[in-house]
Amino acid sequence: SINQVIVKGNYDLVNTHLIHADFWGAMIKRLMNRKMVLVSGKHGYDEIFMNKHGFDPNARMYNLYYWLAYTAERFIDRSYSISKGLMKLMVSNGISKSEKIDLIYYGFDLNYQGSKNMPDKRYSDLQLIIVGRLIPLKGHAYVFETISDLAKRFPNLKLVIVGSGDYKETLIQKTKDLGIEEQVIFTGFRRDVMELVANSDIMIVPSTSEGFGLVFMEAFETKTPVVAFDVPAGNEIIVDGHSGHLVKPYDTTELKEKIADLIEHPEKRTLFADQAYERLKEFFTLDRMTDETIAFYQKVLDAKQA
C-alpha cells in the first residue's frame, strides 16, 4: 500500500501529483498520524469544470473534485503550480491559500533530431495543425469555423487534427455541417507528433485553458509558429507578436485573420519561430525547473524544522 511504502522509505518529504495522489497522501498523513512533510504539484484542474469555464477564476463548481481537492489541501504543507493561471484558479476557488503556493514552470530538455522537409508528414503544401485530445476544452470547433473562409483565400490549405478522444464523432459531424470535410484531416493518435508539427506551417492552440501546454514546447522546439487564444497558460508562454500570435478568447474573426497573417507572411513565421525557440532554450529549461524544485523542497523542510 501507499502507507507501507511511506513507512518503509522513512522519507523526509513526499511529493504528490494530481487529485488521487493528493487525497490519499493527505489521508495517510491525517489518519495514520504520519509526520512526513507533504507537498503537492498542481498540474491541472477538474476537466468537467474546464470544459465549461476554462480557467475562469470567478466561476464556481462545488462538485466531488472540488471537495476532494479542498480536503486534501488542508493537510498539505505547501503546493506549487505549473502556471499562474492555474495558481490563481486554485486560490480564487478557496482550495489553496496564496501564502502556501508557489509557481514553478515546467522545464524541458527537448532535442528534436528530425527534419522539416519530410514529404510523408505533409498532407498539403499549406498545412495547419492542432495537437491534443479530442475533447471540448481543446477548442477545435473554433478553428473549424474559420476554415471555410480561409480555404477560399488559400485553396491548398489543410488542417491536420492529431489526437483521439470521445469528441471525435461530434467534430467529424461538425466538419460535414460546415462543408469543410475535404480540408480537415483526422489522423487519430500518432507517435510521430514532433515530426508532424515540424512539417506543418502553423500550429493552432485553440484551447479554452491549459494547465501548461506541452504542445507549445513542441512547436517552439521544431520552430513551428503558434496562434493561440489569450488564455492561461498560453498567454504565459507566448509573448504576443514576438514568439507567436495571441487572439482575443474565442473570437473566430480575429483567429482567422491572425492565421491568415502568418500564411501571407512567411518571414514573420520564421521570425516568430526563431524567437520562440530562443525562449524555450533560455527559460523553459530542465535545469531551471530542477533548481527551482530543489529550492522549493528546501524551503518547505526548513520551515518545518524552524
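Residues numbered from 1 in each chain as written. Predicted model: local features only at pLDDT ≥ 70, side-chain atom pairs only at ≥ 80, totals over all residues. Heavy atoms only, no water.

**Notes on the packing of aromatic side chains**
To keep things clear, this is the line we draw: Aromatic pairs are defined between Phe, Tyr and Trp rings, using the six-membered ring for Trp, whenever the two ring centres lie within 6.5 Å; interplanar angles under 30 degrees are classed as stacked, those over 60 as edge-to-face, and all others as tilted. Note on classification: 1.4 Å probe, protein chains only; a residue is buried when its accessible area is under 20% of the maximum for its type, exposed when over 50%, partly exposed between these limits. Counting as a charge over the ring demands two things of the Lys NZ or Arg CZ atom: a distance within 6 Å of the ring centre and an angle within 35 degrees of the ring normal.
A full pass over the atoms with the stated rule returns 21 aromatic pairs. For the pair Phe-283 and Phe-284, a centre-to-centre distance of 4.9 Å together with 85° between the ring planes defines the contact as edge-to-face. Judged by its relative accessible area of 0%, Phe-284 falls in the buried class. Here the aromatic cluster, defined as three or more aromatic residues joined through ring pairs, consists of Tyr-105, Tyr-106, Phe-108, Phe-212, Phe-283 and Phe-284. The ring of Tyr-277 carries the charged tip of Lys-223 above its face, separated from the ring centre by 4.7 Å.

**Details of the sheet that holds strand β5 (residues 126–131)**
As a reminder of what qualifies: Note on pairing: DSSP must find at least two bridges between two strands before they are called paired. Helix and strand definitions here come from DSSP, where helices need a minimum of 4 consecutive H or I residues and strands a minimum of 2 consecutive E residues; each element is numbered from the N-terminal end. For helices, the fitted line uses only the C-alpha atoms of the stretch in contact; every axis is such a line through C-alpha atoms, and the angle between N-to-C directions lies from 0 to 180 degrees.
In spatial order, the strands read β7-β6-β5-β8-β9-β10; together these 6 strands make up an open sheet with parallel pairing. Lying at the two open borders of the sheet, with one neighbouring strand each, are β7 (184–188) and β10 (245–247). Sheet twist, expressed as the average angle between the axes of neighbouring strands with direction ignored, equals 25°. As defined by bridge partners, β5 adjoins strand β8 (residues 202–205) across 2 bridges and the pair is classed as parallel. Its bridge partner lying in β8, Leu-128 is registered against Ile-202.

**A few points about the pairing of β8**
Two faces make up the sheet, and in a regular strand the side chains alternate between them. The condition is simple: Here the term right-handed applies to a crossover when the path leading from its first strand over the helix to its second strand runs clockwise, the strands being oriented away from the viewer.
Burial along β8 is two-sided: the residues Ile-202 and Ile-204 and Met-203 and Val-205 are all buried. Bridge count between β8 and strand β9 (residues 226–229): 3 bridges; the pairing is parallel. Paired with Ile-204 across the strands is Val-227, a residue of β9. Crossover connection from β8 via helix α9 (residues 214–221) to parallel β9: handedness right-handed.

**A short note on the nonpolar core**
In plain terms, the rule: In this text, buried Ala, Val, Leu, Ile, Met, Phe, Trp, Tyr and Cys residues form a nonpolar core when linked through side-chain atoms within 4.5 Å. Note on contacts: a residue pair is in contact if any heavy atoms of the two residues lie within 4.5 Å.
Membership of the largest hydrophobic core comes to 44 residues, with the highest contact counts inside it found for Tyr-45, Met-203, Phe-216, Met-217 and Val-226. Counting residues per element, this core draws most heavily on α9, which supplies 5 residues. With residues up to four places along the chain from it excluded, the contact list for Met-217 reads Phe-108, Leu-110, Phe-212, Ile-237, Leu-280 and Phe-284. In this structure, Leu-157, Val-227, Phe-229 and Val-231 belong to the second largest nonpolar core, which totals 27 residues.

**Section: the packing of α9 against helix α12 (residues 266–282)**
We apply this condition: Here roughly perpendicular refers to angles of 65 to 115 degrees, roughly parallel to angles under 35, roughly antiparallel to angles over 145, and oblique to all remaining angles. Handedness of a crossing follows from how the near helix is turned relative to the far one, being left-handed for an anticlockwise turn of less than a right angle and right-handed for a clockwise one. Under the grouping applied here, Gly and all other residues not named as nonpolar or charged are polar, the nonpolar ones being Ala, Val, Leu, Ile, Met, Phe, Trp, Tyr, Cys and Pro and the charged ones Asp, Glu, Lys and Arg.
It is the contact of α9 with α12, at a shortest axis distance of 8 Å, that shows an interaxial angle of 115°. When the axes of α9 and α12 are compared, the pair comes out roughly perpendicular. Seen from above, α9 lies across α12 with left-handed handedness. Residues Met-217, Phe-220 and Glu-221 of α9 form the contact with α12, whose participating residues are Ala-276, Tyr-277, Leu-280 and Lys-281. By residue class, the composition of the contact of α9 with α12 is 5 nonpolar, no polar and 2 charged.

**A look at the side chain of Asp-77**
Note the following rule: Polar contact is defined as a pair of N or O atoms within 3.5 Å, subject to the rule that within protein one atom must be able to donate a hydrogen and the other to accept it, and that residues adjacent in sequence are counted only when both atoms are side-chain atoms.
Here Asp-77 lies in the loop between α4 (64–73) and β3 (78–81). Among the polar contacts listed, one links the side chain of Asp-77 to the side chain of Lys-29, at a separation of 2.6 Å.

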